[in-house]
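For reference, the chains in residue letters:
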Amino acid sequence: DKAPLSKSLLLVPSAVSIFLTLLFQHYQKFFTYNLQAIKEDFQIWRLVCGRTVCLDLKDTFCSSLLIYNFRIFERRYGSRKFASFLLGAWMLSALFDLLLIEITQYIFGITINSLPSGFLGPVFALFVPFYSSIPRVQVTQVLGHFSITNKTLVYILGLQLLTSGSYIWILALSGLVSGICYNSSILKVHRILCVPSWVAKIFSWTLEPIFSSAEPTNEVRVGMGATVDIQRQQRMELLDRQIMMSQVAQMRRQRQQQGGMINWNRLFPPLRHRHNANYQDHRPSEQDTPPPTEVSEEQVARLMEMGFSRGDALEALRASNNDLNVATNFLLQH
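Every chain's residues receive numbers from 1 upward, in the order its sequence appears when written. Per-residue local features are limited, in this predicted model, to residues with pLDDT of at least 70; the limit for side-chain atom pairs, both in listing and counting, is 80 or more; totals at the level of whole chains, interfaces and linings are taken over all residues. For side-chain calculations, the full set of non-hydrogen atoms in the structure is used, while hydrogens and water are omitted.

Q: Residue-level account of the overall build of the protein chain, with values.
A: Note on conventions: DSSP H or I runs of at least 4 residues are helices, E runs of at least 2 residues are strands, and numbering of each starts at the N terminus. Along its length, the protein chain carries 20 helices and six strands. A total of 334 residues make up the protein chain; the buried ones form 40% of that total. Any two residues whose heavy atoms approach within 4.5 Å at even a single point are treated as in contact. Sequence-distant contacts in the protein chain: of pairs separated by 6 or more residues, those separated by 24 or more amount to 69%. All accessible areas in this document rest on Shrake-Rupley with a 1.4 Å probe, and a residue is counted as covered only by the protein chains that are shown. Accessible surface, the protein chain: about 19,700 Å² in total, of which carbon and sulfur atoms supply 59%. When a residue's accessible area, from a 1.4 Å probe over protein chains only, is under 20% of the maximum for its type it is buried; when over 50% it is exposed; and in between it is partly exposed.

So, in structure tokens, the structure goes:
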């Protein structure tokens, strides 16, 4: 739902890759990422064919799973902005591929004539916003020391894709560098490499009706749902919310005269303990009550984009001292 571009990238290149591997193997030569033919024979069309479809089914499987997990960015940014990121990362990573090949040949004397085919550069570039903007929620621990989070599976898939070929590290490095360059506010690459509005309208009229999906009605809408692990965790926590519903309703009635939504300091014991000195008989005195924390509207907007209400976003940011990551984890876990 709300990710037609991700669905098209998941279905079309995967189907072409399967057909080329199983039925039309004699056409695979047109989709090889042959750098020698690009540099010496100026076969620029190989950049498009060789950097779009994977010829290895293992790479197809891993990249498809990663695109499925990264669909959250299309829902958050919109299809046009997401397509602009992929276009910019694709073009920048193609340039960095050629530069890294020349650097490798100059330093180590290794001549590389071809690289693994597929839409790998933009996929690795998506790890940059995934690392910086998706909150880290701990799921469990292994041996009491190693934390398993909602992002662990995605990193494992990226590591599997990284180790699937001999020179795929070049694609991974160029993809990460291109993602950093596109996200950088200093370089302003996102203002240059973007999808024009008229192109976005053409694709929205032609391709979006084919790949769009109706919103699911058999599942309860909960939170952000950035990954499958978060969705499962939120569904389990929804049961806890139903048990606490009577307590929350009572808290809201007690806070009506104060104009608040939810007493987050009572829902979260660690935060409540910070203000124990200010409470007497479960009521804060007017003289010792600290002034309300100023909340950034930009952070409130980011939480609302994740699916939370404005009231809950304000209360969470105030309770967490305007810390976006802590507020997001609170909203996900309660």
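What follows continues from the structure just given.
Q: Tell me about the nonpolar core, residues and numbers included.
A: Among the buried residues, those of types Ala, Val, Leu, Ile, Met, Phe, Trp, Tyr and Cys that are joined through side-chain atoms within 4.5 Å form a nonpolar core. Membership of the largest hydrophobic core comes to 43 residues, with the highest contact counts inside it found for L66, F70, F73, L115 and L161. Elements supplying a minimum of two residues to this core: α2 (35-40), α4 (57-69), α5 (71-77), α6 (79-108), α7 (120-125), α8 (127-133), α9 (152-162) and α10 (168-183). With residues up to four places along the chain from it excluded, the contact list for L66 reads V123, F127, V154, L157, G158 and L161. The next biggest cluster of nonpolar side chains, apart from the first, holds 12 residues, and it includes V300, L303, M306 and L324.

Q: Give me empty space enclosed by the protein: which residues, what numbers.
A: A 1.4 Å probe that fits but cannot get out identifies a cavity on a 1 Å grid over protein atoms alone, an open set with protein on both sides within 12 Å along at least five of seven lines counts as a pocket, and a residue lines either if it has an atom within 4 Å of a point. Grid points are joined across faces, edges and corners, and a volume is the space filled by probe spheres set on the points. This structure, assessed with the given rule, holds three cavities of 30 Å³ or more. Roughly 80 Å³ of volume is contained in the largest cavity. Around the largest cavity, the lining residues are L9, P13, S14, S17, T52, C54, T60, S63, S64, I67 and F119. The set of elements that each furnish at least two residues to the lining of the largest cavity consists of α1 (4-22) and α4. Of the residues contributing to the lining of the largest cavity, the split by class is five nonpolar, six polar and no charged. When residues are grouped by polarity, Ala, Val, Leu, Ile, Met, Phe, Trp, Tyr, Cys and Pro land in nonpolar, Asp, Glu, Lys and Arg in charged, and all others, Gly among them, in polar.

Q: Any chance you could break down the UniProt feature "transmembrane region" (unreviewed entry) in the protein chain for me, citing the residues and the numbers?
A: UniProt feature "transmembrane region" (unreviewed entry): in the numbering of this structure it lies at residues 6-24, 82-101, 107-131 and 152-177. For residues 82-101, the helix share is 100%, the strand share is 0%, and the end-to-end C-alpha distance is 28 Å. In residues 107-131, the share of helix is 52% and the share of strand is 8%. The end C-alpha atoms are 31 Å apart. UniProt positions are given in the numbering used here, feature names are shortened, and annotations may be inferred rather than shown by experiment.

Q: Summarise the pattern of salt bridges; cite the residues concerned and give the values.
A: Any carboxyl oxygen of Asp or Glu that lies within 4 Å of a side-chain nitrogen of Lys or Arg is treated as forming a salt bridge with it. Under the criterion given, the structure shown has five salt bridges. For K58, the salt bridge identified is with D56, shortest N-O distance 3.2 Å. Since its relative accessible area comes to 48%, K58 is described here as partly exposed. Residue R310 pairs with E297 through a salt bridge whose shortest N-O separation is 3.1 Å. One end of the pair, R310, is in helix α19 (residues 310-319); the other, E297, is in helix α18 (residues 297-305), and 13 residues separate them in sequence. Given a relative accessible area of 36%, R310 falls into the partly exposed group. Note on E297: relative accessible area 46%, which makes it partly exposed.

Q: So what about the side chain of S14? Which residues, and what values?
A: Within the secondary structure, S14 sits in helix α1. Residues in contact with S14, not counting those within four places in the same chain, are T60 and S64.

Q: Give a description of the packing of α6 against α10 that names residues and reports values.
A: Where α6 contacts α10, the two axes come as close as 7 Å, and the packing angle between them is 130 degrees. As judged from the angle between their axes, α6 and α10 are oblique. Note that α6 runs across α10; the crossing there is right-handed. Contacts between α6 and α10 pair S84, F85, G88, A89, L92, S93, F96, D97, L100, I101 and T104 from the former with W169, I170, L171, L173, S174, G175, V177, S178, G179, C181, Y182 and N183 from the latter. The residue makeup of the contact of α6 with α10, split by class, is 13 nonpolar, nine polar and one charged. Inter-axis angles, ranging from 0 to 180 degrees, are taken between N-to-C directions of lines fitted to C-alpha atoms, where helices are fitted over the stretch in contact. Oblique is the label for any angle not covered by the other classes, which are roughly parallel (under 35 degrees), roughly antiparallel (over 145) and roughly perpendicular (65 to 115). For any pair of crossing helices, the crossing counts as left-handed if the nearer helix is rotated counterclockwise from the farther one by less than a right angle, and right-handed if it is rotated clockwise.

Q: Which residues make up a nonpolar patch on the surface, and what values go with them?
A: Side chains of I18, F19, L22, L23, F24, Y27, F30, W45 and L57 sit close together on the surface and give an oily, nonpolar patch of about 870 Å² of accessible area. The dominant element in the nonpolar patch, judged by the number of residues it contributes, is α1, at three residues. Mapped onto the elements, F19 comes out in helix α1. What makes a patch is a set of residues exposed beyond 30% relative accessible area and free of salt bridges, joined within 9 Å when like-charged and within 5 Å when nonpolar (Val, Leu, Ile, Met, Phe, Trp, Tyr).

Q: Provide a residue-level description of the packing of aromatic side chains, including the pertinent values.
A: Note on ring pairs: Phe, Tyr and Trp rings are taken, using the six-membered ring of Trp, and paired if centres are within 6.5 Å. Classes follow the plane angle, with under 30 degrees stacked, over 60 edge-to-face and the rest tilted. Applying the stated rule across the entire model yields 12 aromatic pairs. Where F127 meets Y155, the ring centres are 6.2 Å apart and the plane angle is 20 degrees; that geometry is what we call stacked. With F127 in helix α8 and Y155 in helix α9, this residue pair connects regions lying 28 residues apart in the sequence. For F127, a relative accessible area of 10% corresponds to the buried category.

Q: So what about the environment of M91? Which residues, and what values?
A: Within the secondary structure, M91 is located in helix α6. Each C-alpha atom, one on M91 and one on S178, is 8.5 Å from the other, the two residues being 87 residues apart in sequence.

Q: Any details on the packing of α18 against α19? Residues and values, ideally.
A: Two elements in contact, α18 and α19, have axes whose closest approach is 9 Å; the angle formed by their N-to-C orientations is 125 degrees. Accordingly, the angle class assigned to the pair α18 and α19 is oblique. Like other packed secondary-structure pairs, α18 and α19 cross with a definite hand, here right-handed. For the pair α18 and α19, contact is made by E297, Q299, V300, L303 and M304 and by R310, A313, L314 and L317, respectively. Looking at side-chain class alone, the contact of α18 with α19 contains six nonpolar, one polar and two charged residues.

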